[in-house]
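Each chain is listed here by its residues.
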Amino acid sequence: MRRCRSGPDTRFSLPDDAGGLPGLSGGGRKSYYCVSWPGSGGCLYIEIIRSSGNSMKTPGISFHHPVAFWLGCLGITAGVLSHIPMFLRAAPMGFHMAGMPMDTTMLAGMALIPLGLLLAAFGLMPRAAAPGGGETVDFHVADGVALNREHWKLVLVLLVTVAVDVMKPATLGFVLPGMTVEYGISSQSAGTLALLALTGTTLGSILWGLVADRFGRRAAVLLGALMFIGTAICGAMPSFGWNLAMCFLMGLSAGGLLPITFALMAESIPAAHRGWLLVALGGLGTAAGYLMASGAAAVLEPLFSWRILWILGLPTGLLVIFLNRFIPESPRYLASRGLVREARGVLARFTGKGGESVDQVVAEKPPAEQGGLRLLLRGPYAGITLGLVAAGLAWGLVNFGFLLWLPTNLRALGLEGQADALLARSALLALPGVALVIWLYHRWSSIYTLALFVAFTATALLVFCLCLWLGLHSALAVSAATALLLVSASGVIAMLIPYAAEIYPVHLRGTGAGLVAASSKAGGILGAGLGVLGLFEDMILSALLIAVPLAAAAAVLWKNGIDTRGLRLEDIQALVSKRWARSAVGGAAAELR
């Protein structure tokens, strides 16, 4: 304990060569706050700034075991490349590899991929910092600063990541025709591939959400990208069975990247711009992913067969890995795990001031329970989670059920010659809806916009029912109903995961966003099953059955949701807790009466 020459309750700095204060690390210019310690006659020094000029050289973006990580990447890449010679040898046969025996090089490469993944995962694991192992400090990102170059670099890199993530499952529709012909399987057997991929994405969303909350957002993104690379060998599999296994693993990796990128972005972008950028990231990233998938199919598939579309997982996954230096760990996650120095370094990066203003430090009591699905389903987040999951399930039924069967049903209504053109025209009319969603989410209300578009989706289904009931089968009526459904459904999915990334606290954010993303995929699995049972052949009945849970989800969200627009993430959690406390007090008072 030392007495400060400046007196108690004052702020002061020490030069580089002062050596720091006892118990505090040296290096760079240090600023402290001197707080009087009652009864001791001395002062307690609190370090509030570490702002050496190169403070972001490594914190938040380095690997904990870099040699292990890069060796793992090398092993995975070598494992995939070991499949390419056999693929090239099949060129004279139009790249048809069905029935070809797997050589020793391919088998060795397949063994190398999981070993490389384990090694890379070890390289990403933190050396220290376990939750609850001491004081947890929560660093607030400078939410009042304007968007700067570092923010935009993160946005662009995450946009690339989302596009790569969407491209992988979007490719499925383009590989099925060629795969069906080469393996000589029925369309029903080929449908098993889509079902396994969808199941993989559902499980992956939950799994990677848990990984992101336990080991970090950055680690989850990079591990997902490495799994992308590994599943590229699907393009060289000589049997349909191996394709089924690889497609499931592909879904497992693809399912997690989307919610985790939203969680990372939500925790790194200033509050004033967080909402609209999250929604724009989802809309533009999804569109870019589908464009990349369709473009690759149009240009490369005629030259190298459907298999090249799977092999593209290698370069696209490597692109995300090479961009890793622009993907820092979330400062809020780092602070929640006790990694104080790294959190300060990331904050200094995003303030754009070399760390000089990173002095917003708030001591926060660690949560009693660090995370898990059960915390999302009880307490203050139960109602919000129920509404989001119900909306996700119903959206999956719309997208993978009603809309999937819509072209077939339109032909059954006598619009066979116009079905494709009608759907294309409706999709074109729906494009301005993305801009409307972004504007309403940013300018009006995040939760009310989400609830409104969920209700619009239910309304669009009821419009279909009304048109069919009244016998209005004209192209104009069907186009209007389809455009309304596409606008509303695309708006829902554009907001659903971004809102989940905002509403949950830091120790639940990855898990919560993953659960909500998984619900939309689970709705797709349910829709596929109901389609097999023939439900969607009856448009009126299927539309009514889906409209009911959509309307219920809209009501639950309207009642339980919080408007996150322009609020810091910490303020959002305070509002949720305050509302929960009021409802608990109200419930207790009602029981006493």
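Conventions used here
- Residues numbered from 1 in each chain as written.
- Predicted model: local features only at pLDDT ≥ 70, side-chain atom pairs only at ≥ 80, totals over all residues.
- Heavy atoms only, no water.
- Helix = DSSP H or I, 4+ residues; strand = E, 2+ residues; numbered from the N terminus.
- Buried < 20%, exposed > 50% of the residue type's maximum accessible area, 1.4 Å probe, protein only.
- Contact = heavy atoms within 4.5 Å.
- Areas by Shrake-Rupley, 256 points an atom, 1.4 Å probe, with all protein chains shown as cover.
- Axes fitted to C-alpha atoms, helices over the stretch in contact; angles between N-to-C directions.
- Parallel < 35°, antiparallel > 145°, perpendicular 65-115°, else oblique.
- Left-handed = near helix turned anticlockwise from the far one by under 90°.
- Nonpolar A, V, L, I, M, F, W, Y, C, P; charged D, E, K, R; others polar.
- Patch = residues over 30% accessible without salt bridge, like charges linked within 9 Å, V, L, I, M, F, W, Y side chains within 5 Å.
- Salt bridge = Lys/Arg side-chain N within 4 Å of Asp/Glu carboxyl O.
- Phe/Tyr/Trp six-rings, centres within 6.5 Å; stacked < 30°, edge-to-face > 60°.
- Core = buried A, V, L, I, M, F, W, Y, C linked by side-chain atoms within 4.5 Å.
- Expected span 1.5 Å × (residues − 1).
- Polar contact = N/O pair within 3.5 Å; in protein donor to acceptor, adjacent residues only side chain to side chain.
- Arc of directions from axis to C-beta.
- pLDDT = per-residue confidence, 0-100.

For the rest of this paragraph, the subject is the overall build of the chain. Looking only at helices and strands, the chain features 23 helices and 5 strands. Looking at the 593 residues of the chain, the share that counts as buried comes to 53%. In the chain, the share of contacts with a sequence separation of at least 24, taken over all contacts with a separation of at least 6, comes to 79%. Within the structure as shown, the chain displays about 24,700 Å² of accessible surface, and the carbon and sulfur contribution to it stands at 68%.

Right, let's talk about the packing of helix α19 (residues 446–469) against helix α22 (residues 539–560) for a bit. Where α19 meets α22, the axes come as close as 8 Å, and the angle between the chain directions of the two elements is 160 degrees. Classified by the interaxial angle, the pair formed by α19 and α22 is roughly antiparallel. Handedness of the crossing formed by α19 with α22: left-handed. Classifying every residue of the contact of α19 with α22 gives 25 nonpolar, 1 polar and no charged.

Residues L462, L466, W469, L470, L472, I540 and L544 make up a contiguous nonpolar surface patch of about 690 Å² in total accessible area. Those elements that provide at least two residues to the nonpolar patch are α19 and α22. With 3 residues, the top contributor of residues to the nonpolar patch is α19. Its place among the elements puts L462 in helix α19.

Below, the discussion takes up the packing of aromatic side chains. The tally for this structure, following the rule as stated, stands at 11 aromatic pairs. With 6.1 Å between their ring centres and 45 degrees between their planes, W444 and Y448 make a pair best called tilted.

What follows is about the nonpolar core. Ranked by internal contacts, the top residues of the largest apolar core, which has 159 residues, are L388 and F402. Tallying contributions element by element places helix α20 (residues 475–503) first for this core, with 15 residues. Not counting the four nearest positions on each side in its chain, L388 is found in contact with L450, L496, Y499, A500, I503, Y504, V516, S519 and L557.

Viewed as axis vectors pointing N to C, helix α1 (residues 66–81) and helix α12 (residues 313–322) meet at an angle of 170 degrees, and their least axial separation amounts to 11 Å. In this view, α1 runs roughly antiparallel relative to α12, as classed from their interaxial angle. Contact with α1, carried on its side by F69, W70, C73, T77, V80 and L81, involves L314, L318 and I321 of α12 and no other residues of that element. For the contact of α1 with α12, the residue count by class is 8 nonpolar, 1 polar and no charged.

The backbone of F95 shows a phi angle near 65 degrees, a positive value even though the residue is not glycine. Here F95 lies in the loop between α2 (84–89) and α3 (104–124). What makes F95 buried here is its relative accessible area of 8%. You will see that S305, though not glycine, has its phi angle at about 70 degrees, which is positive.

In this structure, F402 sits in helix α16 (residues 382–412). Take F402: its relative accessible area is 2%, and that puts it in the buried class. Linking F402 and G531, residues 129 residues apart in sequence, is a C-alpha distance of 8.7 Å. Apart from the residues within four sequence positions on either side, F402 is in contact with L397, L461, F464, L485, F536, M539, S542, A543 and I546.

Applying the stated rule across the entire model yields 10 salt bridges. Here R568 and D571 are joined by a salt bridge, their closest N and O atoms 3.4 Å apart. Residue class for R568 comes out partly exposed when judged on its relative accessible area of 24%. The exposure class of D571 is partly exposed, given its relative accessible area of 32%. Taken together, the shared-partner salt bridges connect D213, R217, E267 and R509 into one network.

So, about the environment of P66. Position of P66 among the secondary structure elements: in helix α1. For the pair P66 and F122, spaced 56 residues apart in sequence, the C-alpha separation works out to 9.4 Å.

With respect to the secondary-structure elements, L508 resides in the loop between α20 and α21 (509–532). Once the C-alpha coordinates of L508 and L376 are considered, the two residues, 132 residues apart in sequence, prove to be 7.7 Å apart.

Given a rise of 1.5 Å per residue, 22 residues ought to cover 32 Å, and the 31 Å separating the end C-alpha atoms of helix α4 (residues 149–170) matches this to within 8%. The backbone nitrogen of E150 lies 3.0 Å from a side-chain oxygen of the residue at the head of α4, namely N148.

What follows covers the side chain of S445. Of note, S445 is situated in the loop between α18 (432–443) and α19. A residue is classified by how much of its surface remains accessible, and S445, at 2% relative accessible area, is buried. A polar side-chain atom of S445 sits 3.2 Å from the main-chain amide nitrogen of Y448. Here S445 is in contact with L440, D563 and R565, once residues within four sequence places are set aside.

In this section: α22. Between its first and last C-alpha atoms α22 spans 32 Å; for 22 residues at 1.5 Å apiece the expected length is 32 Å, and the two agree. Taken residue by residue, α22 has M539, S542, A543, I546, A547, L550, A553, A554 and L557 as its buried positions. Angular distribution of buried residues about the axis of α22 spans 135 degrees; they occupy a single face of the element. Exposed side chains of α22 directed beyond 90 degrees from the buried face belong to V548 and K559. The distance from a side-chain oxygen at the start of α22 to the backbone nitrogen of I540 is 3.3 Å, and the residue carrying that oxygen is D538.

Looking now at the confidence of the model for the chain. Residues of the chain with pLDDT of at least 70 account for 77%, and the chain-wide mean is 77. Taken element by element, the chain is modelled with least confidence in strand β5 (residues 361–363), mean pLDDT 39, and with most confidence in α1, mean pLDDT 93. Low pLDDT, under 50, characterises residues 354–366; the predicted model gives this stretch 34 contacts beyond four residues in sequence or across chains.

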